[in-house]
Amino acid sequence: MRFFVTANIKKNKPLYILVLFLLVFSLFYLVTSTLEFYSKYGFSFKSIFLYFYSDFEMPEKPSLALVSENIHISLFMVSFFLLINLSLFNLTGFSDRLKPIVNLVLSFFGFTHAISDFLIYLLGPYLIHLKLLSFLLFITLSLCLVLYTLLYFLFGEDKNPGLSLLRLSVTAFFLLSFYFIFFNFILFYSKMDFSIDGIINYYLGNPQLYTKPKTFEGLIKVVNPHTILIPSFVLTLAHFSSLTKSIGKVATVLAVVAGSVDNICGLLIRYVWVEFAYLKLLSFFTLQLSLTYICIYSLLDSFKD
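Residues numbered from 1 in each chain as written. Predicted model: local features only at pLDDT ≥ 70, side-chain atom pairs only at ≥ 80, totals over all residues. Heavy atoms only, no water.

So, the overall build of the chain
Convention followed: A run of H or I in DSSP becomes a helix once it reaches four residues, and a run of E becomes a strand once it reaches two; helices and strands are each numbered from the N terminus. Here the globule rule reads 2.2 Å times residues to the power 0.38, and the radius of gyration is calculated from C-alpha atoms. For each residue, the accessible area found with a 1.4 Å probe, counting protein chains only, is set against the maximum for its type, and the residue is called buried under 20%, exposed over 50%, and partly exposed in between. In this description, contact between two residues means that some pair of their heavy atoms is separated by no more than 4.5 Å. All accessible-area figures derive from a Shrake-Rupley calculation using a 1.4 Å probe, and residue coverage is judged against the displayed protein chains alone. Charged-residue counts in this description rest on Lys and Arg as positive and Asp and Glu as negative, His and the chain ends being excluded. We put the charge of a Lys on NZ, of an Arg on CZ, of an Asp on CG and of a Glu on CD.
Counting secondary structure elements, the chain contains 10 helices and zero strands. Along the chain, helices and strands appear, N-terminal first, in the series α-α-α-α-α-α-α-α-α-α. Scaling as 2.2 N^0.38, a compact globule of 305 residues should have a C-alpha radius of gyration of about 19 Å, and the chain matches this with 21 Å. Classification of the 305 residues of the chain by burial places 46% in the buried group. A separation of at least 24 residues holds for 76% of the contacts in the chain among residues at least 6 apart in sequence. As presented, the chain carries roughly 15900 Å² of accessible surface, and 71% of it is formed by carbon and sulfur atoms. Side-chain charges of the chain comprise 21 positive and 16 negative groups, with the mean position of each set lying 10 Å from the other.

Take a look at the structure:
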């Protein structure tokens, strides 16, 4: 993560090549994000309305579980995309006066795009236009930013971003991380209700609630990506903690261990012993509280100097 804080990337050829590849793949990410949005929601008020409410004549309120799961994924992807690409953009020769504005504007539209499903869930279909507008602005501005950064690294000389810009990028990442943690609670509640019975019913099914047991395929689809995503997220948070001399070793270890346990508890509940539901609840709260502690401690400490 050296490029967050240093210039002269071109002098380090392996790092320079990796950064160029990262920028190219960021462009591919924006293209695939646009295709995914179109395939899921469409680009019209009607298609987005039907996704959430099923029918114009007899609309049904969207599922909180579905909405929170969409946000859970979006916030994670947007936060890392912005952290990496804004950090690289801050190394370019773009106007130092305008760089903070670009950081704030892009972070705002990225955040609005990520949580727009929840706003629609709370306030109704009137905000569908906001969802579409925020997504299009986020994609368009991101495309311009990544293209500019790529061209600058190809033909210009990177420069030191300065402490204030670094703090701005890191602060935006931490704020998005807070919302990510918040929606983790909402996602858990919408699926399992913060109760042992709710957890058991979710994994083992309940005929009275017309729910079926989770399949091995369904569970492993969740376990597999989280096996790498959880430690990656914790590593990033711990990285910035070490940069600001606030390592929080206990919280970091707790987060990694609790995240790993929480990730496999679904399989254990389904196929080994139902009482692992208690461990599921404990590991989930331990993970979220540890992440919250790391975020708060690191964010506050980054403004001490």
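With respect to the pattern of salt bridges
How we decide: By convention in these notes, a salt bridge is any Lys or Arg side-chain nitrogen within 4 Å of a carboxyl oxygen on Asp or Glu.
The full count for this structure, using the stated rule, is five salt bridges. One salt bridge in this structure joins E69 and K191, with 3.2 Å as the shortest N-O distance. Linking E69 in helix α3 (residues 64-89) with K191 in helix α6 (residues 163-192), this pair joins segments that are 122 residues apart in sequence. Judged by its relative accessible area of 34%, E69 is partly exposed. A relative accessible area of 25% means that K191 is categorised as partly exposed. Between K99 and D96 there is a salt bridge, with its nearest N and O atoms 3.7 Å apart. In this structure D96 comes out as partly exposed when scored by relative accessible area, which is 47%.

Some details on the packing of aromatic side chains
So the rule is basically this: Side-chain rings of Phe, Tyr and Trp, where Trp is taken by its six-membered ring, are said to pair if the distance between their centres is within 6.5 Å; with planes under 30 degrees apart they count as stacked, over 60 as edge-to-face, and otherwise as tilted. By definition here, charges over rings are those cases where NZ of Lys or CZ of Arg is within 6 Å of the ring centre and within 35 degrees of the ring normal.
Inspection of the entire model under this criterion finds 42 aromatic pairs. For the ring pair F49 and Y53, a centre distance of 4.9 Å and an interplane angle of 35° mean the geometry is tilted. Note that F49 and Y53 are positioned in helix α2 (residues 45-53) at a spacing of four residues, about one turn of the helix. Considered together, F49 and Y53 belong to a single accessibility category, that of buried residues. Here the aromatic rings of F185 and F194 are separated by 6.4 Å at their centres, their planes lie at 65°, and the arrangement is edge-to-face. Note on F194: relative accessible area 31%, which makes it partly exposed. An aromatic cluster of three or more residues is present, and its members are F37, Y38, Y41, F43, Y51, F52 and F135. Positioned above the aromatic ring of Y121, the side-chain terminus of K61 is 4.2 Å from the ring centre. In this structure, K131 packs its charged tip against the face of Y41, placed 4.2 Å from the ring centre.

Comments concerning the side chain of S26
Structurally, S26 can be placed in helix α1 (residues 13-40). Of the residues examined, S26 reaches a relative accessible area of 6% and is grouped as buried. The contact partners of S26, leaving out residues within four places of it in the chain, are F81, N85 and V146.

Focus: α1
Stated formally: Expected span of a helix, by definition, is 1.5 Å for each gap between consecutive residues, and there is one gap fewer than residues.
With 28 residues, α1 ought to run about 40 Å at 1.5 Å a step, and its terminal C-alpha atoms sit 40 Å apart, in line with that. All of the buried residues in α1 are L15, Y16, V19, L20, L23, S26, L27, L30, S33 and F37. Each element contacted by the buried residues of α1 is listed here: α2, α3 and α5 (128-155).

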